Amino acid sequence: MNCKNFCNQVSAYIDGLLTPAEKELFEKHCASCAGCAKETAELKNLRLSLLSLKKMPARAGFETSVMAKIESGAGLASFFETFFRAAKAAVLVSLVVFGIIIAFDYFTPAVAQPTASGGSIAALNRYVLQSAAVNMSNEKLVTGR
Amino acid sequence: MLSDSELVRFSKDGRLEAFESLITKYKDRVYNIAFSFCANAAESDDIAQSVFVKAYANIGSFEEKAAFSTWLYRITVNECYTALKKRRTNVLSLDAEISNAEDISLADILADAKADIEKAMVSSETQNMMRKSITELPDKYRIILTLRDIEDMSYEEISRIMKISQDKVKVWLFRARNKLKQIIEKKERK
């Protein structure tokens, strides 16, 4: 093990999640590397200090406050709030997708003749303009003007 | 005593007393997670209340694929993130709740190679300093550290709550602990 591997293993070591073989390698490295040994000790102590933080209990009467909110329909309001947020997101996504389709359609050259049953308005417009240009050049060839 | 899944089933049928039992069972842990996240008693109370109100509103859609507690803690994490977003727009001062006073050097505890859980018991001022340091971590590190090092949850449970792989839990935890250590050391030097 080297110092780089140590970084990947130290959390698992502190949490006791290394296999016996991995643990042995880890401890062997720490025995020969003062820096890693120091860091392991510090992180271990940090975890112990965090575990010893006083648990903060909810205040007395907490259930009563929540149940009052639920019974007054706050739960329903919260449901609708979530529903409208989801609906708003869905509308936004639809608008973006629609915009992408329109932009793609506008910037893509028409390759096939649109039919009455298929093809978009933009493609139809382009086809009409192209046909008019071809007709005009054909007319020029015939009349010589 | 009824199991969580029985209480959930009764709650889905609209029996409020069943949901009240779930509140009684989980209120302290939910509140403690919220408090570790925001270090403010009033705000933690609001978050915890909001968690249970939302849980009740959505209990019909809870499919019971995961444990009720995992689902509830997931809501808690989301509510904490939402509260943080609101707080950032309101620029609420943490100092209203937490004192900066420190009378015991945490650096001494961290540096003690033979520290055990009793030695690591820190004074209330130092606890406040630690809690304040946690709130200075980026959101994802703050929550992962809270779930693992304060709530003592397993990597598996954390990965389900945060919807990330266990490998990511390991990496984020390493970074979170290191970052917290740096923040504390910086405070100690001041």
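The structure this text deals with has already been given above.
Computed from a predicted structure; not experimentally measured.

Chemist: Break down the overall build of chain A for me, citing the residues and quoting the values.
Modeler: Helix and strand counts for chain A stand at six helices and zero strands. Along chain A, helices and strands appear, N-terminal first, in the series α-α-α-α-α-α. Relative to its 145 residues, chain A shows a buried fraction of 25%. If you take every contact in chain A between residues at least 6 apart in sequence, the share linking residues at least 24 apart comes to 38%. By element, 68% of the accessible surface of chain A is carried by carbon and sulfur atoms, the whole surface being about 9,900 Å².

Chemist: Just give me the short version of the overall build of chain B, but keep the residues and values in it.
Modeler: Within chain B, the secondary structure is distributed over nine helices and zero strands. Each helix and strand of chain B, placed in order from N terminus to C terminus, yields the pattern α-α-α-α-α-α-α-α-α. Classification of the 190 residues of chain B by burial places 53% in the buried group. Considering only contacts in chain B between residues 6 or more positions apart, those separated by 24 or more positions represent 64%.

Chemist: An account of the pattern of salt bridges is requested, with residue identities and associated values reported.
Modeler: Pairing between side chains of opposite charge can happen when their charged atoms approach one another. On inspection of all chains with the given rule, the structure shows 19 salt bridges over all chains. The shortest N-O distance in the salt bridge between Arg177 of chain B and Asp149 of chain B comes to 2.8 Å. Taken together, the residues Arg177 of chain B in helix H9 (residues 166–189) and Asp149 of chain B in helix H7 (residues 139–150) connect sequence positions 28 residues apart. Exposure remark for Arg177 of chain B: the relative accessible area of 1% places this residue in the buried category. Residues joined in a network through salt bridges with shared partners are Asp15 and Arg47 of chain A together with Arg148, Asp149, Asp152 and Arg177 of chain B.

Chemist: Tell me about helix H1 (residues 4–12) of chain B, residues and numbers included.
Modeler: Residues and elements named next belong to chain B. Restricting attention to buried positions, one finds in H1 the residues Asp4, Leu7, Val8 and Ser11. The buried residues of H1 occupy an angular sector of 100° when projected down its axis, which confines them to one face. Gly14 lies just past H1 and shows a positive phi near 85°.

Chemist: Residue-level account of the nonpolar core, with values.
Modeler: Ranked by size, the top nonpolar core spans 62 residues in total, and within it Leu50 of chain A together with Phe52, Phe68 and Ile144 of chain B carry the most contacts. Leaving out residues up to four positions away in the same chain, Phe68 of chain B has contacts with Asp4, Val8, Leu22, Tyr26, Ile59 and Phe62 of chain B. Counting residues in each nonpolar core, the second largest holds twelve residues, with Phe6, Phe26, Cys30 and Cys33 of chain A among its members.

Chemist: So what's going on with the interface of chain A and chain B? Residues and values would help.
Modeler: At the interface, 41 residues of chain A touch 50 residues of chain B. For the pair chain A and chain B, the summed buried surface comes to about 4,200 Å²; carbon and sulfur atoms form 63% of the total. Summed over the shared surface of chain A and chain B, the result is seven salt bridges. The shortest N-O distance in the salt bridge between Arg177 of chain B and Asp15 of chain A comes to 2.9 Å. The interface formed by chain A and chain B holds 21 residue pairs in polar contact (both at pLDDT 80 or more) in total. Among the elements of the structure, helix H1 (3–14), helix H3 (34–51), helix H4 (62–71) and helix H5 (74–107) of chain A are those that each provide at least two residues to the side of chain A that touches chain B.

Chemist: Tell me about the packing of aromatic side chains, residues and numbers included.
Modeler: Overall, the coordinates contain eleven aromatic pairs over all chains when judged by the stated rule. Plain terms: the ring middles of Tyr106 of chain A and Phe107 of chain A are 5.1 Å apart, the flat faces sit at 90° to each other, and that makes the pair edge-to-face. With relative accessibility at 57%, the residue Tyr106 of chain A sits in the exposed group. A residue is classified by how much of its surface remains accessible, and Phe107 of chain A, at 66% relative accessible area, is exposed. Each member of the aromatic cluster is reached from another via a ring pair, and the members are Tyr26, Phe62, Phe68, Trp71 and Tyr73 of chain B. Looking at Arg15 of chain B, its charged tip hangs above the ring of Phe10 of chain B, at a distance of 4.5 Å from the centre. When the ring centre of Phe37 of chain B is taken as origin, the NZ or CZ atom of Arg142 of chain B, which lies over that ring, is 5.1 Å away.

Analysis parameters
Numbers given to residues run from 1 along each chain, matching the order in which its sequence is written. Chains and ligands are labelled sequentially in the order written, the chains with letters from A and the ligands with numbers from 1. In view of the model being predicted, local features appear only for residues whose pLDDT reaches at least 70, and side-chain atom pairs are presented and counted only at 80 or more, with totals across whole chains, interfaces and linings using the full set of residues. No hydrogens and no water enter the side-chain calculation; it runs on all heavy atoms of the structure. Numbering goes from the N terminus for both helices and strands, where a helix is a DSSP run of H or I of at least four residues and a strand is a run of E of at least two. Summary of the burial criterion: residues with accessible area below 20% of their type's maximum are buried, those above 50% are exposed, and those between are partly exposed, where the area comes from a 1.4 Å probe applied to protein chains only. Residue contacts follow a heavy-atom distance rule, with two residues in contact if any of their heavy atoms lie within 4.5 Å. Here the open area of atoms and residues is found with the Shrake-Rupley method and a 1.4 Å probe, where only the protein chains shown may cover a residue. Salt bridge, as used here, is a side-chain nitrogen of Lys or Arg placed within 4 Å of a carboxyl oxygen of Asp or Glu. This arc describes the spread of directions from the helix axis toward the C-beta atoms. The nonpolar core is taken to be a set of buried Ala, Val, Leu, Ile, Met, Phe, Trp, Tyr and Cys residues, with the residues joined through side-chain atoms within 4.5 Å. Two parts placed together each lose some accessible area; with a 1.4 Å probe, that loss summed over both constitutes the buried area. Any N or O atom pair separated by 3.5 Å or less is treated as a polar contact, with the protein-specific requirement of one donor-capable and one acceptor-capable atom, and with residues adjacent in sequence counted only for side-chain atom pairs. Pairing of aromatic side chains requires ring centres within 6.5 Å, counting the rings of Phe and Tyr and the six-membered ring of Trp. Pairs whose planes differ by under 30 degrees are stacked, by over 60 edge-to-face, and all others tilted. Ring-over charges, as used throughout, are those where CZ of Arg or NZ of Lys falls within 6 Å of the ring centre and within 35 degrees of the ring normal.

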